[in-house]
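Listed below, chain by chain, are the residues.
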Amino acid sequence: DKAPLSKSLLLVPSAISILLTLLFQHYQKFFAYNLQAIKEDFQIWRLVCGRTVCLDLKDTFCSSLLIYNFRIFERRYGSRKFSSFLLGAWMLSALFDLLLVELAQHIFGFTINSLPSGFLGPVFALFVPFYCSIPRVQVTQVLGHFSITNKTLVYILGLQLLTSGSYIWILALSGLISGICYNSSILKVHQILCVPSWVAKIFSWTLEPIFSSAEPTNEIRVGMGATVDIQRQQRMELLDRQIMMSQFAQMRRQRQQQGGMINWNRLFPPLRHRHNANYQDHRPSDQETPPRAEVSEEQVARLMEMGFSRGDALEALRASNNDLNVATNFLLQH
């Protein structure tokens, strides 16, 4: 839901890769990422065909799973900003591919005529925002020392994709460099390599209705999965949505603070109401004031990871009697 571009990248290249492997093997040569043909014969079209469709089904499977996990960024940023990131990373990684191949030839002395095909550069570039912006939530521990988090499986898939070919490390390195360059506020690459608004509107009118999905019904409840893994995945999905909503709430609070006024009555009406009632005539009553509940620093840290300030997190946890779920919903709804 709300990720039509991720859905199209998951379905279309995978379908073409399967057809080329099973039925149209004689057309695979047109999708080979042949660097020698690009440099010597000026076959620039190979930069498009060779860097879009995987010719190895193992690479297709791993990259598809990674795109499925990275769909959270399209939900956060929107399809236009997400497509701008993919376009910028795709173009930058093509440049870094050629530079790294020339550098490897100059330093190590071996010639690389071709690289693994597929949409691999932008996939590796997405690990940069994944590492920087997705909070780490521990799921379990192995042998009492090694933590298994919600990000472990994604890193394992990336490692599996990294070890699937001989020269795929060049694509991984160029993808990571392009992701860092695009996210860097110093280089301002995101302002140059972006999808124009009129192009985004054309695709939203033509392709988005094809790949859009219906919003899940309210009948589905968290924790009703058939297995523990499904339940954990559902909880991770809920956390992702809460993080996205908290970012909007934080931006709204920042705008209020910049304007010089904070509407505390709207943020915490029960708390502020009780606070004013207890302090009428500037004479606090110790008997009527309820004791302040103990607040867990771990739960405060979790709310701060979701984008809330420490003061708001403390107030919400005290108001909800240290219940993390109630405090989160309270902050998101106000």
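Residues numbered from 1 in each chain as written. Predicted model: local features only at pLDDT ≥ 70, side-chain atom pairs only at ≥ 80, totals over all residues. Heavy atoms only, no water.

1. Let's talk about the overall build of the protein chain
Looking only at helices and strands, one finds 19 helices and 4 strands in the protein chain. In the protein chain, which comprises 334 residues, the share counted as buried stands at 40%. Sequence separation of 24 or more characterises 70% of the internal contacts of the protein chain that already satisfy a separation of 6 or more. Working note: accessible area of the protein chain is about 20100 Å², and carbon and sulfur atoms make up 60% of it. (Helix = DSSP H or I, 4+ residues; strand = E, 2+ residues; numbered from the N terminus. Buried < 20%, exposed > 50% of the residue type's maximum accessible area, 1.4 Å probe, protein only. Contact = heavy atoms within 4.5 Å. Areas by Shrake-Rupley, 256 points an atom, 1.4 Å probe, with all protein chains shown as cover.)

2. Notes on unusual backbone geometry
In this structure, Phe42 takes a positive phi of about 55° despite not being glycine. In this structure, Phe42 sits in the loop between helix 2 (35-40) and helix 3 (46-49). A residue is classified by how much of its surface remains accessible, and Phe42, at 64% relative accessible area, is exposed.

3. Digging into the UniProt feature "transmembrane region" (unreviewed entry) in the protein chain
Here the UniProt feature "transmembrane region" (unreviewed entry) sits at residues 6-24, 82-101, 107-132 and 153-177. Helix makes up 54% of residues 107-132 and strand 8%. Its end C-alpha atoms lie 32 Å apart. (UniProt positions renumbered as here; feature names shortened; annotations may be inferred.)

4. Section: the side chain of Arg51
If you trace the backbone, Arg51 turns up in the loop between helix 3 and helix 4 (57-69). Of note is the side chain of Arg51, whose polar atom sits 3.4 Å from the side chain of Tyr33. Those residues in contact with Arg51, other than ones at most four positions away along the chain, are Tyr33, Arg46, Trp90, Ser93, Ala94, Asp97, Gly118 and Phe119. (Polar contact = N/O pair within 3.5 Å; in protein donor to acceptor, adjacent residues only side chain to side chain.)

5. Digging into the packing of helix 6 (residues 79-108) against helix 10 (residues 168-183)
One way to put it is that helix 6 packs onto helix 10 with a least axis distance of 8 Å and a crossing angle of 130°. It follows that helix 6 is oblique to helix 10 by the angle criterion. As helix 6 runs across helix 10, the sense of the crossing is right-handed. In contact with Ser84, Phe85, Gly88, Ala89, Leu92, Ser93, Phe96, Asp97, Leu100 and Val101 of helix 6, helix 10 contributes Ile170, Leu171, Leu173, Ser174, Gly175, Ile177, Ser178, Gly179, Cys181, Tyr182 and Asn183. (Axes fitted to C-alpha atoms, helices over the stretch in contact; angles between N-to-C directions. Parallel < 35°, antiparallel > 145°, perpendicular 65-115°, else oblique. Left-handed = near helix turned anticlockwise from the far one by under 90°.)

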